[in-house]
Amino acid sequence: MMRRPKLKAVVLIALLVLVSMGTGVFLGIGFSAAIAKKKENPFFWKQTVRKQLDKLHPTAEQRKKFEARTESAVQELLTIRKDAVGQVWSVVERAVGDVDKELTAEQRVKFKALKPKKPAELK
């Protein structure tokens, strides 16, 4: 008679642990995706640099110089990023073209749906 309530309690606790783990996994994936997307924003880059430089307690003159340098660095990074994405995309397009040459007509129809989409920044 004593076993049944103990078993029920153990099962319920195990179920609670599993549900908590599943919730944690999905929330972690969602939060990490949101953080990764935020890190792609150049405004976030500037804001992060500004926070780090504020720890140095710069003067107003220094702050203006830091802002100008940060802005030019961000623009430079955006140019590098765009060039890198363009180079990556050219490799992808060549690979897709090579694969497309080897496919039958039926496979090409299915492959058309599988082809990677060109990033918005390159259109």
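The coordinates are above.
These figures come from a predicted structure and were not determined experimentally. Residue positions are given per chain, counting from 1 as you read along its sequence in written order. Under the rules for a predicted model, residues below a pLDDT of 70 receive no local features and side-chain atom pairs below 80 are neither given nor counted, while totals for whole chains, interfaces and linings still include all residues. To get the side-chain values, all heavy atoms of the structure are used, and hydrogens and water are removed first.

Peer 1: Which residues make up the overall build of the protein chain, and what values go with them?
Peer 2: Numbering of helices and strands runs from the N terminus, with a helix taken as a DSSP run of H or I at least four residues long and a strand as a DSSP run of E at least two residues long. Assigned secondary structure in the protein chain consists of 4 helices and 0 strands. Atoms counted for the radius of gyration: C-alpha only. Globule rule: 2.2 Å times the number of residues to the power 0.38. Radius of gyration (C-alpha) of the protein chain: 26 Å, far over the 14 Å computed for a compact globule of 123 residues. With a 1.4 Å probe rolled over the protein chains alone, any residue whose accessible area is under 20% of its type maximum counts as buried; one over 50% counts as exposed, and the rest are partly exposed. A buried classification covers 6% of the 123 residues belonging to the protein chain. Across the protein chain, every contact between residues at least 6 apart in sequence was considered, and the portion connecting residues at least 24 apart equals 57%. Approximately 10,700 Å² of the protein chain is accessible, and the part contributed by carbon and sulfur atoms is 67%. A positive count includes Lys and Arg, and a negative count includes Asp and Glu. His and the chain ends are not counted in either. Note that the charge is assigned to NZ on lysines, CZ on arginines, CG on aspartates and CD on glutamates. Computing the positive centroid from 26 side-chain charges and the negative centroid from 13, the protein chain places the two 12 Å apart. We call two residues in contact when some of their heavy atoms are within 4.5 Å. Surface exposure here means Shrake-Rupley accessible area, sampled with a 1.4 Å probe, where a residue is shielded only by the protein chains that are shown.

Peer 1: Which residues make up helix H2 (residues 42-54), and what values do they have?
Peer 2: Over its 13 residues, H2 runs 18 Å from end to end, which matches the ideal 18 Å to within 8%, given 1.5 Å per residue. Polar contacts, as used here, are pairs of N or O atoms within 3.5 Å; protein pairs need one atom able to donate a hydrogen and one able to accept it. Residues neighboring in sequence count only if both atoms are side-chain atoms. Where H2 begins, the capping side chain belongs to Asn-41, and its oxygen is found 3.0 Å from the backbone nitrogen of Phe-43. Take the residue count of a helix, subtract one, and multiply by 1.5 Å to get its expected span.

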